[in-house]
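In case you want the letters, here they are:
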Amino acid sequence: MQYVIMTMIGLSLGSFATTCISRLPRKQSLIKPRSFCDSCSRSLGWKELIPLLSYVVLKGRCLKCSAQIPFLYPIVEFLIAILTVVIFIKYGTSIKTPIIILFGLTLLCIVLADMLSRIIPNKLNFTLFITAFVFVWLVSQSGFTDAIVGFFTGLVFTFLPAWFGEHWLDKQIIGGGDIKFTAILGLTFGWEILLVLIWVASVSGLLWVLSRKLIEPKQKITNVPFGAFLGTTALAYILIVDLQ
Ligand SMILES: [Zn+2]
């Protein structure tokens with residue numbers, strides 16, 4: 001029964017996450033207007049707002065204008081439901097669990113926002129920061145000193161290449177959102193784990209660039225979503241290892 005409840009909670013969180021991913025990069029409010037169809041601008045009724053189920057029953061189309069609803073929405077709802085249940089199984093019924101679920105959910109939104117629009121919205125970084133702060137305060141075994149060292153490690157490791165790119169190469173290598181995001185991960189994981197995460201994310205990013213070059217040699221790849229790689233690596237750490 002508890003898994004059913006966690007799945008329901010996960011699906012509802014996933015539904016909210018789709019609103020965040022579609023509205024925040026466009027700087028739109030999360031509250032107003034209510035969920036609407038992107039094509040006919042009509043407010044959606046309750047039959048269209050049941051996470052995952054509405055998409056399946058309505059075959060992915062708007063009830064009125066039959067416009068296609070992005071396939072990404074049910075995928076995100078499904079992924080976040082899975083994420084919620086897996087975190088619940090891994091961390092059990094403790095104060096840690098809701099904090100890590102909120103942290104993981106925000107991480108996933110950041111990954112998707114960065115993948116889709118190459119932007120990490122400030123509101124997502126801010127939510128992640130508050131969640132990380134509560135985690136360090138109530139749960140973490142390493143304490144505030146480690147968190148602060150981790151935070152500054154994240155700043156230095158991203159600010160320096162960003163500064164170098166801007167002043168010497170005349171282009172943006174790392175965006176402001178990535179700098180804040182990396183510092184928040186440093187606060188949460190501590191400097192040692194952060195360096196491992198940055199290393200794995202950089203190698204994955206490099207492999208991604210190389211594989212795209214292999215598929216389309218003439219293509220110019222200018223904008224690598226570093227935040228998406230770093231966020232995915234951090235998520236994998238939470239799910240496979242343990243956030244302490
Ligand atoms: Zn419509």
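Parameters at a glance
Residues numbered from 1 in each chain as written. Predicted model: local features only at pLDDT ≥ 70, side-chain atom pairs only at ≥ 80, totals over all residues. Domains from an automatic or database assignment. Contact = placed C-beta atoms within 7 Å. Helix = DSSP H or I, 4+ residues; strand = E, 2+ residues; numbered from the N terminus. Nonpolar A, V, L, I, M, F, W, Y, C, P; charged D, E, K, R; others polar. Buried ≥ 20, exposed ≤ 12 C-beta atoms within 10 Å, placed from the backbone.

Here the domain parsing of the chain yields domain 1 (1-88) and domain 2 (94-244). Between domain 1 and domain 2, the C-alpha centre-to-centre distance is 25 Å. Taken together, the contacts link 14 residues of domain 1 with 15 residues of domain 2. Counting only elements with at least two residues in the side of domain 1 that touches domain 2, the list comes to α1 (2-23) and α3 (72-91). Here the element with the most residues in the side of domain 1 that touches domain 2 is α3; it accounts for eight residues. The residue makeup of the side of domain 1 that touches domain 2, split by class, is 13 nonpolar, one polar and no charged.

Take unusual backbone geometry next. What is expected of a backbone is that most residues other than glycine have negative phi and most peptide bonds are trans. A positive phi angle, close to 65 degrees, is found at L52, a residue other than glycine. One can find L52 in the loop between α1 and α2 (53-57). By the C-beta count within 10 Å, which is 18 here, L52 ends up partly exposed. A positive phi angle is found at R118, which is not glycine, with a value near 55 degrees. Looking at the element boundaries, R118 is found in the loop between α4 (96-117) and α5 (122-138).

What follows concerns the environment of F151. Of note, F151 is situated in helix α6 (residues 143-169). The class of F151 is buried, set by 24 C-beta atoms lying within 10 Å. Setting aside residues up to four positions removed in sequence, F151 forms contacts with A183, G186 and L187.

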